[in-house]
Amino acid sequence: MYDYVLNELPEIIESHFPVNGKRAISGHSMGGHGALMVAIRNPERYTSTSAFSPISNPVNCPWGQKAFKAYLGKDKALWNQYDASVLMRNAQKQVPALVDQGLDDDFLTRELKPESLEAAAESNGYPLELRQHAGYDHSYYFISSFIEDHLRFHAGFLKKI
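Residues numbered from 1 in each chain as written. Predicted model: local features only at pLDDT ≥ 70, side-chain atom pairs only at ≥ 80, totals over all residues. Heavy atoms only, no water.

Caption draft 1: Main features of helix α7 (residues 114–124). Taken residue by residue, α7 has Pro114, Ser116, Leu117, Ala120 and Ala121 as its buried positions. One side of α7 holds all its buried residues, which, seen down the axis, span an arc of 160°. Against the buried residues of α7 lie α2 (30–41), α5 (84–90), β3 (97–102), α6 (108–112) and β4 (128–133). (Buried < 20%, exposed > 50% of the residue type's maximum accessible area, 1.4 Å probe, protein only. Helix = DSSP H or I, 4+ residues; strand = E, 2+ residues; numbered from the N terminus. Arc of directions from axis to C-beta. Contact = heavy atoms within 4.5 Å.)

Caption draft 2: Geometry of the environment of Ser145. With respect to the secondary-structure elements, Ser145 resides in helix α8 (residues 140–158). The class of Ser145 is partly exposed, set by a relative accessible area of 29%. A polar contact is formed between the side chain of Ser145 and the backbone oxygen of Tyr141, at a distance of 2.8 Å. (Polar contact = N/O pair within 3.5 Å; in protein donor to acceptor, adjacent residues only side chain to side chain.)

Caption draft 3: Molecular detail of the side chain of His138. Note on placement: His138 falls in the loop between β4 and α8. Of the polar contacts made by the side chain of His138, one reaches the side chain of Asp105; its length is 2.6 Å. Those residues in contact with His138 that sit more than four places away from it in its chain are His28, Ser29, Ser53, Asp105, Phe107 and Leu112.

Caption draft 4: Representation of the packing of helix α1 (residues 2–16) against α2. Where α1 meets α2, the axes come as close as 10 Å, and the angle between the chain directions of the two elements is 60°. In terms of their interaxial angle, α1 and α2 are classed as oblique. Considering how the two elements wind past one another, α1 and α2 form a crossing that is right-handed. Contacts from Tyr2, Val5 and Leu6 in α1 reach Met37, Val38 and Arg41 in α2. Taken together, the residues of the contact of α1 with α2 break down into 5 nonpolar, no polar and 1 charged. (Axes fitted to C-alpha atoms, helices over the stretch in contact; angles between N-to-C directions. Parallel < 35°, antiparallel > 145°, perpendicular 65-115°, else oblique. Left-handed = near helix turned anticlockwise from the far one by under 90°. Nonpolar A, V, L, I, M, F, W, Y, C, P; charged D, E, K, R; others polar.)

Caption draft 5: Seen up close, the layout of surface pockets. In this structure, the largest pocket occupies an estimated 520 Å³ of space. Surrounding the largest pocket, 18 residues form its lining, Met1, Tyr2, Met30, Gly34 and Met37 being those nearest its centre. Contributions of two or more residues to the lining of the largest pocket are made by α1, β1 (24–28), α2 and α3 (62–72). Broken down by element, the residue count for the lining of the largest pocket peaks at 7 residues, all from α2. Across the lining of the largest pocket, the residue classes break down as 13 nonpolar, 5 polar and no charged. Put simply, the second largest pocket is a space of about 200 Å³. Around the second largest pocket, the lining residues are Val5, Leu9, Pro10, Ile13, Glu14, Val19, Lys22, Arg23, Ala24, Ile25, Ser26 and Tyr46. Looking at the lining of the second largest pocket, the elements with two or more residues in it are α1 and β1. No other element matches the 5 residues that α1 contributes to the lining of the second largest pocket. In terms of residue class, the lining of the second largest pocket is built from 8 nonpolar, 1 polar and 3 charged. (1 Å grid on protein atoms, 1.4 Å probe; cavity = no way out; pocket = protein on both sides within 12 Å on 5 of 7 lines; lining within 4 Å. Points joined across faces, edges and corners; volume = space filled by probe spheres on them.)

Laid out in structure tokens, this is it:
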């Protein structure tokens, strides 16, 4: 999936649509983590990144540990190369990031851990805007409530020369 999102999908889009070569990336939940991770690992390829309810620190949550073990094996040092919080803490080049999180999300404490991402950003001066919203959960209603903000966020960076 990493190679598909990083290379194959952009090639398909760029061969069929009149785009200018600038890219932004966004996702929800594990896809939100993926968007953050791909952008942080490849800052030269993205103008901005955003996520809704991302799994922020998968090396330290049950979902992430299960997925990393299945896809990457038991070597936890390898896992760090794909963890958004670890990558953000150590990033040399930075991609502006916007994250929205619902505070009534059933997965907030056990799986999502936005405080890990926030701490990583603060430790490295990483340009992260983390917004937390009371009354919202993990649903598509949450996404539909704030998607325009994400599109405007990305548009601001995509328009820059």
